[in-house]
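Geometric and topological summary
Chain residues, written in single-letter form:
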Amino acid sequence: MNIASILATKGDKVVTIRAEQTIREALGVLAQHNIGALVVVDDARRPIGMLSERDIVRWAARNEAVFPLAVSQLMTRDLILGAPGDDLGAVGSTMVTRRIRHLPVVDGGKLVGMVSIGDVVKAQRDQFQGEVDTLQTIVMERGH
Amino acid sequence: MTRQTAVRPLRVAVVGAGPAGFYVAEHLLRRADLVVDVDLFDRLPTPYGLVRAGVAPDHQKIKFVTSAFDKVATHPRFRFFGGVELGKDLSVDDLRSHYDQIVYTTGAQTDRRMGIPGEDLPGSHPATEFVAWYNGHPDYRDLQFDLSQERVAVVGVGNVAVDVARVLCRTPEELAKTDIADHALEALRHSRVREVYLLGRRGAAQAAFTNPEIKELGELEAADVAVVPEEVELDPLSREALERSGDRAGAKKVQILQSYAHRPATGKPRRLTLRFLVSPVALLHTGAGGVGAIRLVRNRLTTSATGAIQAQPTDRFEEVPVGLVFRSVGYRGLPLPGVPFDDKWGVVLNEKGRVLDPDTKQPRPGEYTAGWIKRGPTGVIGTNKPDAAETVTAMLEDAAAGRTLEPVEPEPDAAERLVRQRQPLYFSYPDWLRLDELEIARGRASGRPRVKFTRVDEMLAALGNRRGP
């Protein structure tokens, strides 16, 4: 299984924000979509950073005046990007070791989606559950 | 409507009677808290989708899963309408006026192309067509494959590619014990194939086949298995990836393949060679116009940002003479008439099984999808069960909230009248069970699991006047 099989059932919306927008706006977008992270994109919709609720919490704990700051001041620039053909095994283990919860996916330079660690865990669980189920059915039906 | 009762049950049409369609039906019908009617449609007279038309005939055990589907079909609120095609016999609007909910489970019906010069030369075929042909799919039974060729390339190392290579290497005696279609058995009896190449783009560690599948290739009665020793050596990237993920099955897979490098040829009439780190770049023709050779580029492995291992072409090429090529580099879904399609992933445009409006990206009330046409062609048969469960959860949530279609004729009889009017020769589940008995009886005489009917006319004739519910 690969990243494409996750994106196929997520519609094609990725919630993005621009680097020059404020944290107040970013919080509004996070709340509106009930999500935990935004992809920061440039004019050509190329991902240049990530802004997660954790980034904001970390700043807010030190600086109460976080609201008017620009997204660019808080975002993570050290970006890991996925590709649709990447195996979920590799993706999952990289997300766990690097402690990444959200992975923007790029195809031919264009942002095509985002997968969360929850998506990866669910896809792998469904895959293993499916294998177990198939084997169980075969074993049970043979007994008849 | 918020509660489905025996007086006004939730009426659901499921389009496509493969595993995904049956799992959707199963999840709906086993609900104790509400009454659901399921009508399952298929464009073929027979149910089971790829379990009948895809799973290899020499893998009968996997086909036992159909007994679970037959149990679903015994539910009094289940009906099957075989030989009825969406877009031909019925439209989405027809379904909308008879059902509260529609589920599309039509699978991935076409194959991906390699996108290389010579791909359409005579002698180059999608592996899926060969599979449908040897499994007796009525639409493919009259295809011709030039089995007088001695050398064959199968592009890909997934399940389908491995099945095709194995079937090509089987003896007529081995195949005669299976339910392979009669026309295919007869053609394969006269096969002159001697050399079969399975071509993998990435390394041995990344190949999609399972360990039982490659062991099986090493135990063929009339074919020696071979690998190119340097192609199955474990490269540093793959070694690191296997260690990091603790993937023991993957490590074992490489070991089995390496053991094939040291096997002496035993003089069996056929040879199956597993190649890795090669991609086809062109098919070259002979003077006569058919495929004469396949040109390959050697690949090396690199790691992507997420640690996934990828193949990168080098500047080293080779040509392998072959007269027949089967490509199996992936399946792809086909758009359904009147249903939003996501061209990028080759699936019905959906979010967790809810079909989306292409303009608003909001769910279209009452329309859902499951299986390969929802998520793309991944996983084994059973993977469709959790996948169908996700879709059914969304369906029941929406039904409870009153977000369904508003059919003008929700009565079960009205739907049946419509089908009868559009396709008088439709097949019911009792019809299928009768055909199933007849196929098994035909097989018993020759010691085979079954002898399949491969023409719709043949099926109609076999049922005679017994047809109908």
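Being a predicted model, the structure only gives us computed values, none of them experimental.

Let us now look at the overall build of chain B. Tallying secondary structure elements over chain B gives 16 helices and 20 strands in all. The C-alpha radius of gyration computed for chain B amounts to 24 Å, which stays within 12% of the reference 23 Å derived for 469 residues, consistent with globular compactness. For chain B, with 469 residues in total, the buried portion stands at 58%. A separation threshold of at least 6 residues defines the contact pool for chain B, and within that pool the share at least 24 residues apart is 75%. Computing the positive centroid from 64 side-chain charges and the negative centroid from 63, chain B places the two 3 Å apart.

Let us look at the overall build of chain A. Looking only at helices and strands, chain A features six helices and five strands. When the helices and strands of chain A are read in sequence order from the N terminus, they spell out α-β-α-β-β-α-α-α-β-β-α. Judged by the C-alpha coordinates and their principal axes, chain A covers about 70 × 35 × 30 Å. Here chain A holds 144 residues, and 47% of them are scored as buried. At a minimum sequence separation of 6, the contacts of chain A that also span at least 24 residues come to 55%. A gap of 4 Å separates the mean positions of the 17 positive and 17 negative side-chain charges of chain A.

Let us look at the side chain of A:Asp55. Residue and element names in this part refer to chain A. Positionally, Asp55 belongs in helix α3 (residues 53–62). Separated by 2.9 Å, the side chain of Asp55 and the backbone nitrogen of Ser52 make a polar contact. A distance of 3.4 Å separates a polar atom in the side chain of Asp55 from a polar atom in the side chain of Thr76. Once residues lying within four places of it in the same chain are set aside, the contact partners of Asp55 are Met50, Leu74 and Thr76.

Another aspect to go through is helix α6 (residues 159–169) of chain B. Burial within α6(B) is extensive, with ten of its eleven residues counted as buried. Residues of α6(B) that are buried include every one of B:Val160, B:Ala161, B:Val162, B:Asp163, B:Val164, B:Ala165, B:Arg166, B:Val167, B:Leu168 and B:Cys169, and no others.

Moving on to the packing of aromatic side chains. Residues and elements named next belong to chain B. For the coordinates displayed, the defined rule picks out 20 aromatic pairs over all chains. Ring centres of Phe22 and Tyr48 lie 6.2 Å apart, and the angle between their planes is 45°; this geometry places the pair in the tilted category. Here Tyr48 lies in the loop between β2 (36–42) and α2 (50–53) and Phe22 lies in helix α1 (residues 19–29), a separation of 26 residues in the sequence. As far as burial versus exposure is concerned, Phe22 and Tyr48 are alike and both buried.

Further remarks concern the sheet that holds strand β12 (residues 291–303) of chain B. Backbone-to-backbone hydrogen bonds pair the strands of a sheet. The strands run either parallel or antiparallel. Residues and elements named next belong to chain B. The sheet built from three strands is open, its strands ordered β11-β12-β13 with antiparallel pairing. With one partner strand each, in any of the chains shown, β11 (278–285) and β13 (309–321) form the two edges of the open sheet. If you compare each strand with its neighbour and ignore which way they point, the axes differ by 20° on average.

As a further point, take the pattern of salt bridges. Residues and elements named next belong to chain B. Scanning the entire structure with this criterion turns up 58 salt bridges over all chains. As a salt-bridge pair, Arg327 and Asp111 come within 2.6 Å of each other at their nearest N and O atoms. Of this pair, Arg327 sits in strand β14 (residues 324–327) while Asp111 sits in strand β5 (residues 110–111); the two residues are 216 residues apart in sequence, bridging distant segments of the chain. For the pair Arg327 and Asp111, one class covers both residues: buried. Across the pair Arg189 and Glu186 runs a salt bridge whose closest N-O atoms are separated by 3.6 Å.

This part covers the environment of B:Gly115. Tracing the backbone shows B:Gly115 in the loop between β5 and β6 (124–126). Judged by its relative accessible area of 67%, B:Gly115 is exposed.

Moving on, we come to α1(B). Burial analysis of α1(B) places ten of its eleven residues in the buried class, which makes it a mostly covered element. When we look at burial in α1(B), the residues that qualify are B:Pro19, B:Ala20, B:Gly21, B:Phe22, B:Tyr23, B:Val24, B:Ala25, B:His27, B:Leu28 and B:Leu29.

Residue and element names in this part refer to chain B. Residues Leu168, Leu257, Leu274 and Phe326 are the most contacted members of the largest nonpolar core, which totals 51 residues. Not counting residues within four places of it along the chain, the set of residues in contact with Leu274 comprises Leu198, Ile214, Leu217, Val225, Ala226, Val227, Val228, Glu231, Leu257 and Tyr260. Formed by 42 residues, the second largest nonpolar core is a distinct cluster that contains Ala25, Ala370, Ala399 and Phe453.

On to the packing of helix α3 (residues 66–73) of chain B against helix α15 (residues 429–445) of chain B. Residue and element names in this part refer to chain B. As a packed pair, α3 and α15 sit with axes 11 Å apart at the nearest point and diverge in direction by 145°. As for the relative orientation of α3 and α15, their crossing is left-handed in sense. Of α15, the residues touching α3 (which contributes Phe69, Asp70 and Ala73) are Tyr429, Trp432 and Leu433.

Turning next to the pairing of strand β5 (residues 110–116) of chain A. All names here are of chain A. In terms of residue burial, β5 counts as a mostly covered element, since six of its seven residues are buried. In this sheet, β5 lies alongside strand β4 (residues 102–107) in antiparallel orientation, the contact comprising six bridges. What sits directly across from Val105, in β5, is Gly113. The hairpin turn running from β4 into β5, its antiparallel successor, is two residues long, and Gly108 in that turn takes a positive phi close to 55°.

Attention now goes to the packing of α1(B) against helix α13 (residues 384–400) of chain B. All names here are of chain B. Running from amino to carboxyl end, α1 crosses α13 at an angle of 50°, the nearest separation of the two axes being 8 Å. Between α1 and α13, the crossing angle belongs to the class labelled oblique. Between α1 and α13 the crossing geometry is right-handed. Here Pro19, Ala20, Tyr23, Val24, Glu26, His27 and Leu28 of α1 lie close against α13, whose contacting residues are Asn384, Lys385, Ala388, Ala389, Val392, Met395 and Leu396. Counted by class, the contact of α1 with α13 contains ten nonpolar, two polar and two charged residues.

Residue and element names in this part refer to chain B. Its identity as a non-glycine residue notwithstanding, Tyr48 has a phi of 90°, on the positive side. Here Tyr48 falls in the buried class, since its relative accessible area comes to 6%. Phi angles above zero are rare outside glycine, and Lys352 is one such case at about 50°. Along the chain, the position of Lys352 falls in the loop between β18 (350–351) and β19 (354–356).

This part is about the confidence of the model for chain B. Model confidence for chain B is summarised by a mean pLDDT of 94, while 98% of its residues fall at 70 or above. Prediction confidence for the complex, expressed as pTM and ipTM, is 0.93 and 0.87 respectively.

It is worth spelling out the sheet that holds strand β9 (residues 223–227) of chain B at this point. All names here are of chain B. Strand order in the open sheet made by the six strands is β6-β14-β7-β8-β10-β9, with parallel pairing throughout. Strand pairing shows two members of the sheet lacking a second neighbour, β6 and β9, which therefore form its edges. The sheet shows a mean angle of 20° between the axes of neighbouring strands, direction not considered. Note: strand β7 (residues 151–155) against strand β8 (residues 195–199), five bridges, orientation parallel. Bridging across to β8, Val154 finds its partner in Leu198. Helix α5 (residues 127–134) contacts β6 and β14 of the sheet and is inclined by roughly 70° relative to β6.

What counts, and at which threshold
Residues numbered from 1 in each chain as written. Chains lettered and ligands numbered in written order. Predicted model: local features only at pLDDT ≥ 70, side-chain atom pairs only at ≥ 80, totals over all residues. Heavy atoms only, no water. Helix = DSSP H or I, 4+ residues; strand = E, 2+ residues; numbered from the N terminus. Rg over C-alpha atoms; globule rule 2.2 N^0.38 Å. Buried < 20%, exposed > 50% of the residue type's maximum accessible area, 1.4 Å probe, protein only. Contact = heavy atoms within 4.5 Å. Lys, Arg positive; Asp, Glu negative; His and termini not counted. Charge placed at Lys NZ, Arg CZ, Asp CG, Glu CD. Polar contact = N/O pair within 3.5 Å; in protein donor to acceptor, adjacent residues only side chain to side chain. Phe/Tyr/Trp six-rings, centres within 6.5 Å; stacked < 30°, edge-to-face > 60°. Pairing = 2+ DSSP bridges. Axes fitted to C-alpha atoms, helices over the stretch in contact; angles between N-to-C directions. Salt bridge = Lys/Arg side-chain N within 4 Å of Asp/Glu carboxyl O. Core = buried A, V, L, I, M, F, W, Y, C linked by side-chain atoms within 4.5 Å. Left-handed = near helix turned anticlockwise from the far one by under 90°. Parallel < 35°, antiparallel > 145°, perpendicular 65-115°, else oblique. Nonpolar A, V, L, I, M, F, W, Y, C, P; charged D, E, K, R; others polar. pLDDT = per-residue confidence, 0-100.

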